[in-house]
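Inside the fold
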Amino acid sequence: MKFFFEDRPKFTMNPLILILSIIQAVMLLQMYIFGSGQSYISDITQFFQTGMPNPSACGVLFTVWTIVLALYWAKIVKSPKLSTIMAIIFVYFGTMITIGFPDFGLNWPTSVHILEAYIGYGYIYESIIKKYKLW
Amino acid sequence: MGLNKEPKNNIKIILLIILTLFILYILHISIGSYFGVESEGKYDNESPEIGFQVDYLSKILTVDSIYPESKDFYWNDITVASGNATLPYDTIDKGDQITNCEGEIKLVYELTGATIWEGEFS
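Residues numbered from 1 in each chain as written. Chains lettered and ligands numbered in written order. Predicted model: local features only at pLDDT ≥ 70, side-chain atom pairs only at ≥ 80, totals over all residues. Heavy atoms only, no water.

Notes on the overall build of chain B
When helices and strands are tallied, chain B shows 1 helix and 5 strands. In chain B, the succession of α and β elements from N to C terminus is α-β-β-β-β-β. For chain B, with 122 residues in total, the buried portion stands at 39%. Across chain B, contacts joining residues at least 24 apart in sequence account for 45% of those joining residues at least 6 apart. Summing over all exposed atoms, chain B offers an accessible surface of approximately 7,300 Å²; the carbon and sulfur share of this is 52%. (Helix = DSSP H or I, 4+ residues; strand = E, 2+ residues; numbered from the N terminus. Buried < 20%, exposed > 50% of the residue type's maximum accessible area, 1.4 Å probe, protein only. Contact = heavy atoms within 4.5 Å. Areas by Shrake-Rupley, 256 points an atom, 1.4 Å probe, with all protein chains shown as cover.)

Looking at the overall build of chain A
Along chain A, the regular secondary structure elements total 5 helices and 0 strands. N-terminal to C-terminal, the α/β element order of chain A is α-α-α-α-α. By residue count, 54% of the 135 residues in chain A fall in the buried class. Look at the contacts in chain A between residues 6 or more apart in sequence, and 73% of them connect residues 24 or more apart. With the model as given, the accessible surface of chain A reaches about 6,200 Å², and the carbon-plus-sulfur share is 71%.

Points about the pairing of strand β1 (residues 49-55) of chain B
Residues and elements named next belong to chain B. As paired elements, β1 and strand β2 (residues 60-67) share 7 bridges and run antiparallel to each other. Each residue of the ladder has a partner; that of Q53, found in β2, is T62. In sequence, β1 turns back onto β2 through a hairpin of 4 residues, with K59 there showing a positive phi of about 60°. (Pairing = 2+ DSSP bridges.)

Focus: helix α5 (residues 112-132) of chain A
When the terminal C-alpha atoms of α5 of chain A are compared, their 30 Å separation across 21 residues agrees well with the 30 Å that a helix rising 1.5 Å per residue should span. Burial runs high along α5 of chain A: 15 of the 21 residues are buried. (Expected span 1.5 Å × (residues − 1).)

Notes on the packing of aromatic side chains
Residues and elements named next belong to chain B. All chains considered together, the criterion is met by 6 aromatic pairs over all chains. Here Y56 and F121 contribute two aromatic rings whose centre-to-centre distance is 5.2 Å and whose plane-to-plane angle is 45°, an arrangement assigned as tilted. Remark: F121 occurs in strand β5 (residues 114-121) and Y56 occurs in the loop between β1 and β2; sequence separation between them is 65 residues. F121 sits in the buried class, given a relative accessible area of 3%. (Phe/Tyr/Trp six-rings, centres within 6.5 Å; stacked < 30°, edge-to-face > 60°.)

Points about the confidence of the model for chain A
A residue-level look at chain A finds 68% of positions with pLDDT of 70 or above and a mean pLDDT of 74. Per-element averaging of pLDDT across chain A places helix α2 (residues 40-50) of chain A at the bottom with 67 and helix α4 (residues 80-100) of chain A at the top with 82. (pLDDT = per-residue confidence, 0-100.)

Focus: the pairing of strand β4 (residues 97-109) of chain B
Residues and elements named next belong to chain B. Pairing analysis gives 2 bridges linking β2 to β4, with the strands arranged antiparallel. When the bridges of β4 are listed, T62 appears paired with Q97. As paired strands, β4 and β5 are joined by 7 bridges and run antiparallel to one another. Note on β5: the bridge partner recorded for V108 is T115. Counting the residues that bridge the hairpin from β4 to β5 gives 4 residues, and of these G113 lies at a positive phi of roughly 80°.

So, the packing of α4 of chain A against α5 of chain A
Two packed helices can be described by the angle between their axes and the distance between those axes. All names here are of chain A. Following both chains from N to C, one finds α4 and α5 inclined at 135°, their axes separated by 7 Å at the closest point. With respect to α5, the axis of α4 lies oblique. In this structure, α4 crosses over α5, and the sense of that crossing is left-handed. Of the residues in α5, those touching α4 at S83, T84, A87, I88, F90, V91, F93, G94, T95, I97 and T98 are H113, I114, E116, A117, I119, G120, Y121, Y123 and I124. In the contact of α4 with α5, the residues fall into 12 nonpolar, 7 polar and 1 charged. (Axes fitted to C-alpha atoms, helices over the stretch in contact; angles between N-to-C directions. Parallel < 35°, antiparallel > 145°, perpendicular 65-115°, else oblique. Left-handed = near helix turned anticlockwise from the far one by under 90°. Nonpolar A, V, L, I, M, F, W, Y, C, P; charged D, E, K, R; others polar.)

A short note on the nonpolar core
If you look at the biggest cluster of nonpolar residues, it comprises 26 residues, and the most contacted ones within it are F62, W65, L69, F90, Y118, I119 and Y123 of chain A. For this core, the secondary structure elements donating two or more residues are α1 (15-35), α3 (55-73), α4 and α5 of chain A together with α1 (7-38) of chain B. When residues of this core are assigned to their parent elements, the largest contribution, 7 residues, is made by α3 of chain A. Grouped together as the second largest cluster of nonpolar side chains are 17 residues, I50, L61, V63 and W75 of chain B included. (Core = buried A, V, L, I, M, F, W, Y, C linked by side-chain atoms within 4.5 Å.)

Thoughts on unusual backbone geometry
Of note in the backbone geometry, K75 of chain A takes a positive phi value of approximately 65° without being a glycine. Examined against the element boundaries, K75 of chain A turns out to sit in the loop between α3 and α4. Even without being a glycine, K59 of chain B presents a positive backbone phi close to 60°. Tracing the sequence through the fold places K59 of chain B in the loop between β1 and β2.

Structure below.
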């Protein structure tokens, strides 16, 4: 099976956005772990039961994925398949939360999901544009 | 900044992302409430998670942390379901104190019925 994303997207995954994403994701994560850990486990469980993203699940997964994407961009991790899967998951989370949350994902801590949507969709668009020379 | 050698590509990506966010916003307005129902209204009427510092000697509960911080919660929405305590007024802020705590205190957030804090004062 051929994946789209064998070239590292340069525009969507530029260092500035990746650093910003990692900072925001880590802040989100630490807030859940050290701030109000009560709902942390139940939110993660709920995500896997219902499929509906929620802040705790997003905090953990977004942090891990963003760091892996950064490593991929820096050529430390060399797996286009892994980064493709992560981009698709970013699209899923970004879409669900921006549509489903009352604030369109604009207020902290849900503002992290605008970045998810940006990275996820941007990654896919950039790869398709470069591969197929669209437009 | 990592940019593509062909500037046209960058412009295309920006336009597509703006278009996507616009479409997402339209979907948010039109079917967003459906997701709210699916998540059992959790994010529409979310209970605050309030951390307290407990002073058993002075019988005072002091607000230590509130989540989510982006939303305002009000003491009016909290009731003392059991025991006796004097609640502050207005919005719930860090440092607010619940005084005169006596007996087995149970604080309930009325809008969701969630228990905010439970504990016993002698």
